[in-house]
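Commentary on secondary and tertiary structure
What follows is the residue order along each chain.
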Amino acid sequence: MYDRALKGVERAGLAEMRRSLLADARGRTLELGAGTGLNLVHYPSAVSELVLAEPDPHMAKRLRARVEDAPPPVPVEVIAAPAEDLPFDDGCFDTVVSTLVLCTVADPATAVAEARRVLAPGGVLLFLEHVRSLRPGLARMQDLMEGPWGWVAGGCHPNRATEQAIAGGGFWVERLERDRIPGGLPLIRPAITGLARRPGSG
Ligand SMILES: C[S@@+](CC[C@H](N)C(=O)[O-])C[C@H]1O[C@@H](n2cnc3c(N)ncnc32)[C@H](O)[C@@H]1O
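Since we're looking at a predicted model, the values are computed, not measured.

In an α-helix there are 3.6 residues to a turn, and that puts residues three or four apart on one side. Taken together, the buried positions of helix α3 (residues 108-118) are occupied by Pro108, Ala111, Val112, Glu114, Ala115, Arg116 and Val118. Tucked inside the fold, the buried residues of α3 contact β1 (27-32), β4 (93-99), β5 (119-130) and α5 (162-167).

With that out of the way, let us pick up unusual backbone geometry. The residue leucine 100 is not glycine, and still its phi comes out positive at about 60°. By secondary structure assignment, the location of leucine 100 is in the loop between β4 and α3. Leucine 100 sits in the buried class, given 21 other C-beta atoms within 10 Å.

The next point concerns the site of the ligand. Looking at the ligand, there are 19 residues lining it, with Gly33, Gly35, Asp56, Ala83 and Thr99 nearest. Its residues assigned to classes, the shell around the ligand comprises 11 nonpolar, five polar and three charged.

Glancing now at the nonpolar core. Core analysis: the largest hydrophobic core is formed by 46 residues, its most contacted members being Leu32, Ala53, Val96, Ala115, Leu125 and Leu126. When residues in this core are grouped by element, the largest group, six residues, is from β5. Setting aside anything within four residues of it in sequence, one finds leucine 125 in contact with Val96, Ser98, Ala115, Leu119, Ile166, Phe171 and Ala196.

Moving on, we get to the sheet that holds strand β2 (residues 47-53). Backbone-to-backbone hydrogen bonds pair the strands of a sheet. The strands run either parallel or antiparallel. Judged by pairing direction, the sheet is mixed, and its seven strands sit side by side in the order β3-β2-β1-β4-β5-β7-β6 without closing on themselves. The open sheet has two edge strands, β3 (76-79) and β6 (172-180), and neither has a second partner. In this sheet, neighbouring strand axes are inclined to one another by 15° on average, regardless of whether the strands run parallel or antiparallel. Docked against the sheet, helix α1 (residues 2-22) engages β4, β5, β6 and β7 (190-197), running at close to 170° with respect to β5.

Let's shift gears to helix α4 (residues 136-152). Over its 17 residues, α4 runs 24 Å from end to end, which matches the ideal 24 Å to within 8%, given 1.5 Å per residue. Taking the largest bend as the criterion, α4 deviates by roughly 60°, centred on glutamate 146, and proline proline 148 comes between one and four positions later. Just past α4, the residue glycine 154 takes up positive phi, approximately 60°.

Moving on, we get to the environment of proline 71. Structurally, proline 71 can be placed in the loop between α2 (57-69) and β3. Placed 30 residues apart in sequence, proline 71 and valine 41 show a C-alpha to C-alpha distance of 9.6 Å.

By the bridge criterion, five bridges tie β1 to β2 in an arrangement that is parallel. Residue pairing in the sheet places threonine 29 in a bridge with leucine 50 of β2. Inspection of the sheet shows β1 paired to β4 by four bridges, in the parallel sense. Its bridge partner being in β4, leucine 32 is matched across the sheet by serine 98.

The rules behind these values
Residues numbered from 1 in each chain as written. Predicted model: local features only at pLDDT ≥ 70, side-chain atom pairs only at ≥ 80, totals over all residues. Buried ≥ 20, exposed ≤ 12 C-beta atoms within 10 Å, placed from the backbone. Helix = DSSP H or I, 4+ residues; strand = E, 2+ residues; numbered from the N terminus. Contact = placed C-beta atoms within 7 Å. Near = placed C-beta within 6 Å. Nonpolar A, V, L, I, M, F, W, Y, C, P; charged D, E, K, R; others polar. Core = buried A, V, L, I, M, F, W, Y, C linked by C-beta atoms within 7 Å. Pairing = 2+ DSSP bridges. Axes fitted to C-alpha atoms, helices over the stretch in contact; angles between N-to-C directions. Expected span 1.5 Å × (residues − 1). Bend = angle between axes of the 7 residues up to and from the residue.

Following this line, the structure appears as structure tokens:
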């Protein structure tokens, strides 16, 4: 259902936004809430290993099927961990990817802190997230619709200022562009995409 729901949006430009974001992925890479694996085809050759974390068993089943159907040319592991509790040592990834996930996690601040913890100094968080609108009218609508929208959209919160969670989580935000989810509903159209670095060498 997720893939079908997103088909038009992917074609309208989301797939290109994914490709552009993931061009900066490199080395050992962890994807949070990998869903059904729509990012898989966009990883560049600079990625040496992929760990796909997806806590929802239905999404994970589809994800495993996609990995089996078209195995990426690097070692891939699918795990069930939530973004708030990653079963990895500190500093063991070069890249962490979050696309359309921080809207849904139960605790965005903890998820961002975990991403920072597992990144090596100088490692990067690549993010593409729909966020709270800067337009007061639309933001108010996002607040009003938070409950019903979450009910139909798997717990998604349309009104999160995710850029604040990332900047407040101890990252250097090196690039942040305000964008729009192309063809999406107005409620989830305002988006951010960018690169945040864990301070340190690199
Ligand atoms: C809108 S989907 C996005 C899927 C994928 N990242 C993409 O770009 O298509 C949100 C995903 O976040 C996952 N999710 C929900 N709660 C999570 C959590 N606490 N930690 C990690 N992922 C979570 C859901 O299972 C779902 O796969």
